[in-house]
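Structural description and commentary
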Amino acid sequence: MMSEGRQEQGYDVVVVGGGPGGSTLAALVAMRGHRVLILEKETFPRYQIGESLLPSTIHGVCRMTGVAEKLAAAGFTPKKGGTFRWGANSEPWTFSFSVSPKIAGATSHAYQVERSKFDNILLEHAVEKGAEVRFRVSVTDVIEDGERVTGVRYTDADGTEHEVRATYVVDASGNGSRLHKRVGGTREYSQFFRSLALFGYFEGGKRLPAPNSGNILSVAFESGWFWYIPLTPDLTSVGAVVRRENADKIQGDPERALMALIDECPLIKEYLSDATRVTEGQYGQLRVRKDYSYHQTTFWRPGLVLIGDAACFVDPVFSSGVHLATYSALLAARSISSSLAGIVSEEAAFTEFEARYRREYGVFYEFLMSFYDMHVDENSYFWSAKKVTRNQHTELESFVELVAGVSSSEFDLDGAESAALRMKSKSAEFVSAIDEMSADAEGNMTPLFRSSAVRQAMQEGAQVQSRAFLGEDLGPDVPMFPGGLITSDDGMLWQPGPA
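In this report, we go over the structure that sits alongside the text. Every value quoted in this text rests on a predicted model; they were computed, and no experiment measured them. (Residues numbered from 1 in each chain as written. Predicted model: local features only at pLDDT ≥ 70, side-chain atom pairs only at ≥ 80, totals over all residues. Heavy atoms only, no water.)

Some words on unusual backbone geometry
With omega at -5 degrees, the peptide bond leading from Phe44 into Pro45 counts as cis. Within the secondary structure layout, Pro45 lies in the loop between β2 (36-39) and α2 (55-65). The omega torsion of the bond from Ala210 to Pro211 falls at 10 degrees, within 30 degrees of zero and hence cis. Within the element layout of this structure, Pro211 appears in the loop between β11 (187-203) and β12 (216-221). Of note in the backbone geometry, Arg136 takes a positive phi value of approximately 55 degrees without being a glycine. Tracing the backbone through its elements, the reader meets Arg136 in the loop between β7 (132-134) and β8 (138-145). The residue Ser319 is not glycine, and still its phi comes out positive at about 60 degrees. Positionally, Ser319 belongs in the loop between β19 (312-313) and α7 (321-341). By relative accessible area, which is 9% here, Ser319 ends up buried. (Helix = DSSP H or I, 4+ residues; strand = E, 2+ residues; numbered from the N terminus. Buried < 20%, exposed > 50% of the residue type's maximum accessible area, 1.4 Å probe, protein only.)

This is the structure in structure tokens:
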């Protein structure tokens, strides 16, 4: 039994984790006048991976919280899109955010960020908006009252145990979440995206030619693919992704393993020919991460909601991690604020949250399966294992189950066979678009946006940006799902859909 002094006054929301998802949700809910407490296990600034962002985060969600101007002033490297050595074409090709008619002009870029700086800016902004934050605390469990979660237990840096009550607990603690099991359901792992990443940081690496010098460079090679992210004019994040079955390639001495993988990939080797690896400070360590994609079969229960990587994670090739974290934070913040205000029922609000988040995760999941499938190196185990046609139906059945509850024509699936045919079609469509782009001397990227896989992956992010910029001038929202909720003009709340 806790002593009276360790039981704290209640909050409207307790957020576990101060990363982009947690700080974004905290800011949005605090802006509605609610009491918010963030519990963070580390002290900020701290190192984190996931450094390449998408425009919807910067010009959509961050504009809504009011932190976009601070990010613009922080000096992060502008990112106009991505450059890929991927697929049948031996020459790199470039995808630009401006290819979308909804993402134009001032909003057609994102940033490459040092996450220690980016995350700190977002967290400090949440505090400015009224959230409280406590560092070096470890959340050990939730508090329950019947079926409802009513708070959390945590231990502070001195080892003192505490209880804090809240109307809602938000788990934004990432893939290492302790609380995801408490929401119910199970964590289902993908058989298709089971990869390991070995990564480090280099000074003096080459840059792509202007105007794409800030782009992420993703390069497929026999054993997997590399990311090459220009964080500053001199600092580059470099990582090799290999299948789990090729784990022997990154075992043993990590320095030797990374250099051997670089030797396998001529383009990355060329870009690092005059570079030296950083060996001190936060970037001095070579790190390994298991990028095992997964999703929780349930994202919420009364009083508890999972956002970001606590709910789901998908392969990082299209830089979707921070997008999914901040997008899910926006959805959950709408649900919390709308429920607290009595605008819609809790059940309706969080059903909408889960349906939209599961749909967006499913869009990227399907996009990435099609993207991997289009690579043509049939002699490589990594790439032949990524072919949809060679993949066992268990994975496609898992995808169908993932989106089975999503009422959208894009996910009107009869089963694994139809999923395979659709993904093969999207993969062929992608290849055709890239070939058409490559044949165009003026570099016209319109064919790429005609690809349904690209359109779907950018659609909802573009809608969030439009709502953040135009508000009521965008016109009334329409339900994403039959009988579902719509977004308020300012994007902060749910409202009942048209009768």
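Remarks on the packing of aromatic side chains
Under the counting rule described, the total for this entry stands at 37 aromatic pairs. Considering the side-chain rings of Phe76 and Tyr111, the 6.2 Å spacing of their centres and the 50 degrees angle between planes classify their relative orientation as tilted. Separated by 35 residues along the polypeptide, Phe76 in the loop between α3 (68-72) and β3 (77-79) and Tyr111 in strand β6 (residues 110-112) bring together distant segments of the chain. Comparing Phe76 with Tyr111 shows no difference in burial state: the two are buried. Each ring, one from Trp93 and one from Phe371, has its centre 6.5 Å from the other, and the planes form 70 degrees; the classification is edge-to-face. Taken together, the residues span a long stretch of sequence, with Trp93 in strand β5 (residues 93-96) and Phe371 in helix α8 (residues 346-373) at a distance of 278 residues. Since its relative accessible area comes to 5%, Trp93 is described here as buried. (Phe/Tyr/Trp six-rings, centres within 6.5 Å; stacked < 30°, edge-to-face > 60°.)

Structural notes on the packing of α7 against α8
Across the interface, α7 lies against α8 with an axial gap of 8 Å and an inter-helix angle of 170 degrees. In this view, α7 runs roughly antiparallel relative to α8, as classed from their interaxial angle. From α7, His323, Leu324, Tyr327, Ser328, Leu331, Ala332, Arg334, Ser335, Ile336 and Ser339 reach across to α8, where they touch Glu346, Ala349, Phe350, Phe353, Arg356, Tyr357, Glu360, Tyr361 and Phe364. Split by residue class, the contact of α7 with α8 holds eleven nonpolar, four polar and four charged. (Axes fitted to C-alpha atoms, helices over the stretch in contact; angles between N-to-C directions. Parallel < 35°, antiparallel > 145°, perpendicular 65-115°, else oblique. Contact = heavy atoms within 4.5 Å. Nonpolar A, V, L, I, M, F, W, Y, C, P; charged D, E, K, R; others polar.)

Remarks on the environment of Gly205
On the secondary structure map, Gly205 appears in the loop between β11 and β12. Each C-alpha atom, one on Gly205 and one on Ser237, is 9.8 Å from the other, the two residues being 32 residues apart in sequence. Sequence-distant contacts of Gly205, that is, excluding residues within four places in its chain, are made with Tyr228, Asp234, Tyr271 and Ala275.

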